[in-house]
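This is what each chain is made of:
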Amino acid sequence: LVERLAHEPELGGWRGLGVVVQAYQKRGLAVIVALGDLARRSGRQIMVRLVKGAYWDSEIKRAQVAGMPGYPVFTTKPVTDLSYLVCARALIDAAPDLYPQFATHNAHTLAAVRHMAVAAGVSIEHQRLHGMGEALYQAARSEYGDLTVRAYAPVGGHEDLLPYLVRRLLENGANSSFVHMLLDERVAAADVVRDPVALVQAQPGPHPGIPLPRDIYGSARRNSLGRDLSQASVRAAHAKAVAACLAGSIAAGPIIGGRLDMDGGREVTSPADPARVIGRATLASLPHLDEAVARARAAQPGWDRSGGSARAQVLRNIADALEARMDGLVALLALEAGKTFNDGVAEVREAADFCRYYAAQAEREFGAPVKLPGPVGESNHWQIFGRGVFACISPWNFPLAIFTGQIAAALAAGNAAVAKPAEQTPLIAAE
């Protein structure tokens, strides 16, 4: 959008195009470099407003919920402060192609930015929120002379402004907030303006109290891996997997004793395009069902005796395999079940999460016998076992997640499972 606006002839010599860059985002510096390149290519000066960042808690929680490999933001305040200074230097160096604007109520940050700008001989703009920072910028004017300061204010209805106000209260009330520390008489003045470079050197790396998204459940289980479909490279990988699915010949049929029985079968078409054949499926017959149940019944006692820990390892291996095959599974979910890529990713994640959740249950509930208290001299132990063969019947609308979840639960508890997929989605079930 910014690329197109910068090259828009109808805007003529308008100099009001601006972008806000948040220094708490790890991509902040790269965004400034890209905007400088765009300004030079388009011949249009772009205003860049540098802020520390406004939605840190949301960024952290969304990354955790989405199972991202890491966080898009820095997790410590000193590193964010340092990132701001690094981005500020790059922004000042990019002038006049970029017009530097610095929004901050932090005296250390203001002084550092001012020092860099004067050394570079670059005119910059300072910004503060209406109702905040008046004393800071009065003091700055006394120290540096006349400054260009823009006061900005939110505009909107009550339902919009109230959450904005609450966010500001949370930010300024945080123990690490400059405003909070400045007004707290118990905090020494030297601590208020500590050099962020020195703070980062003293404690480099991520915040020790914030685990990576994969580790948010602690020792209970690993969080399932997600995908960020806002990234073009991720979308391209999924589109490539769809093309690979269509190029191959997908076959489904009863899988009994590790053997796929394919005997002609019927065509399976895409619900999004009924004329598109994506594979063939052989339906199970009564002899298939008899053999499956007989094999399951024969295998169940040995599987049950293997114990919860052994079954847990199998289930965790299944979860890892699902994540390793995510591209292909999401493609098949899109073609056979009409799922969006986002829904497909969520379904693979849920299936993997079921496996890891039930693995933990198997270890906890199906371990060694537990000795019960016996006040009359008896020796009593409590232990639970599988019950036999379970029939798992999958719905069409969650052909991978619920299909896998039912089977994983049955297997975790020491049972054998005979699984019947929805007739609309046999290819996903067979895969």
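The structure under discussion appears in the preceding block.
I will try to describe carefully the structure that is included in this document.

Here is what the cut-offs are and how they apply
- Residues numbered from 1 in each chain as written.
- Predicted model: local features only at pLDDT ≥ 70, side-chain atom pairs only at ≥ 80, totals over all residues.
- Heavy atoms only, no water.
- Helix = DSSP H or I, 4+ residues; strand = E, 2+ residues; numbered from the N terminus.
- Rg over C-alpha atoms; globule rule 2.2 N^0.38 Å.
- Buried < 20%, exposed > 50% of the residue type's maximum accessible area, 1.4 Å probe, protein only.
- Pairing = 2+ DSSP bridges.
- Axes fitted to C-alpha atoms, helices over the stretch in contact; angles between N-to-C directions.
- Contact = heavy atoms within 4.5 Å.
- Expected span 1.5 Å × (residues − 1).
- Arc of directions from axis to C-beta.
- 1 Å grid on protein atoms, 1.4 Å probe; cavity = no way out; pocket = protein on both sides within 12 Å on 5 of 7 lines; lining within 4 Å.
- Points joined across faces, edges and corners; volume = space filled by probe spheres on them.
- Nonpolar A, V, L, I, M, F, W, Y, C, P; charged D, E, K, R; others polar.
- Phe/Tyr/Trp six-rings, centres within 6.5 Å; stacked < 30°, edge-to-face > 60°.
- Lys NZ or Arg CZ within 6 Å of the ring centre and 35° of its normal.
- Right-handed = clockwise from strand over helix to strand, strands pointing away.
- Left-handed = near helix turned anticlockwise from the far one by under 90°.

### Brief notes about the overall build of the chain
A count of helical and extended segments in the chain gives 17 helices and 14 strands. Here the chain has a C-alpha radius of gyration of 30 Å; the compact-globule value for 431 residues is 22 Å, and the former is much larger. Projected onto its principal axes, the C-alpha positions of the chain cover 90 × 75 × 40 Å. Relative to its full complement of 431 residues, the chain shows a buried share of 39%.

### Some words on the sheet that holds strand β5 (residues 149–152)
Sheet architecture is open: five strands sit in the order β1-β2-β3-β4-β5, paired in parallel fashion. The outermost strands of the open sheet, each flanked by one partner alone, are β1 (18–22) and β5. Mean inter-strand twist for the sheet, computed between neighbouring axes without regard to direction, equals 30°. Examined bridge by bridge, strand β2 (residues 46–51) and strand β3 (residues 98–103) share five bridges and lie parallel to one another. Within β3, the position partnered with R49 by the bridge is Q101. Strands β1, β2 and β3 of the sheet are contacted by helix α2 (residues 28–42), whose axis makes an angle of about 160° with β1.

### As for helix α7 (residues 158–173)
When the terminal C-alpha atoms of α7 are compared, their 22 Å separation across 16 residues agrees well with the 22 Å that a helix rising 1.5 Å per residue should span. Y164, R167 and R168 are the residues of α7 that are buried. Within α7, the buried residues cover an arc of 100° as seen down the axis, which keeps them to one side. Opposite the packed face of α7, turned more than 90 degrees from it, sit the exposed residues H158, E159, L169 and L170. Among the structural elements, β4 (125–129) and β5 are those in contact with the buried residues of α7.

### Considerations on the layout of surface pockets
In this structure, the largest pocket spans a volume of roughly 1500 Å³. If you list the elements that add at least two residues to the lining of the largest pocket, you get β7 (255–256), α12 (286–305), α13 (308–324), β13 (389–393), α16 (401–412), β14 (416–420) and α17 (426–430). When grouped by side-chain class, the residues that make up the lining of the largest pocket number 36 nonpolar, eight polar and five charged. Around the second largest pocket sit 41 residues that line it, and K52, G53, W56, K77 and E171 are the ones nearest its centre. Counting only elements with at least two residues in the lining of the second largest pocket, the list comes to β2, α3 (56–65), α4 (77–93), β4, α7 and α8 (178–183).

### Points about the packing of aromatic side chains
Using the criterion set out here, one finds three aromatic pairs in the structure. The interplanar angle of 5° and the centroid separation of 6.0 Å between the aromatic rings of F354 and Y358 together place this pair among those described as stacked. Taken together, the positions of F354 and Y358, both in helix α15 (residues 341–365) and four residues apart, correspond to about one turn of that helix. Look at Y358 and you get partly exposed, because its relative accessible area is 22%. Chaining the aromatic ring pairs together yields one cluster made of F354, Y357 and Y358. Its guanidinium or amino end placed over the ring of Y152, R49 lies 4.3 Å from that ring's centre, counting from NZ or CZ. For the cation-ring pair, R167 lies above Y55, with the distance from its terminal atom to the ring centre recorded as 4.6 Å.

### Re the pairing of β14
As paired strands, β13 and β14 are joined by five bridges and run parallel to one another. Residue pairing across strands places A391 opposite V418, the latter belonging to β14. On the question of chirality, the crossover connecting β13 to the parallel β14 by way of α16 is right-handed.

### Topic: the packing of helix α5 (residues 107–120) against helix α6 (residues 134–144)
Where α5 meets α6, the closest approach of the two axes is 11 Å, and the angle between their N-to-C directions is 35°. At the point where α5 passes α6, the crossing takes the right-handed sense. Residue-level contacts link A107, L110, A111 and R114 of α5 to L136, Y137, A140 and Y144 of α6. When the residues that make up the contact of α5 with α6 are grouped by side-chain class, the tally is seven nonpolar, no polar and one charged.

Purely geometric stuff here, so don't read any function into it on its own.
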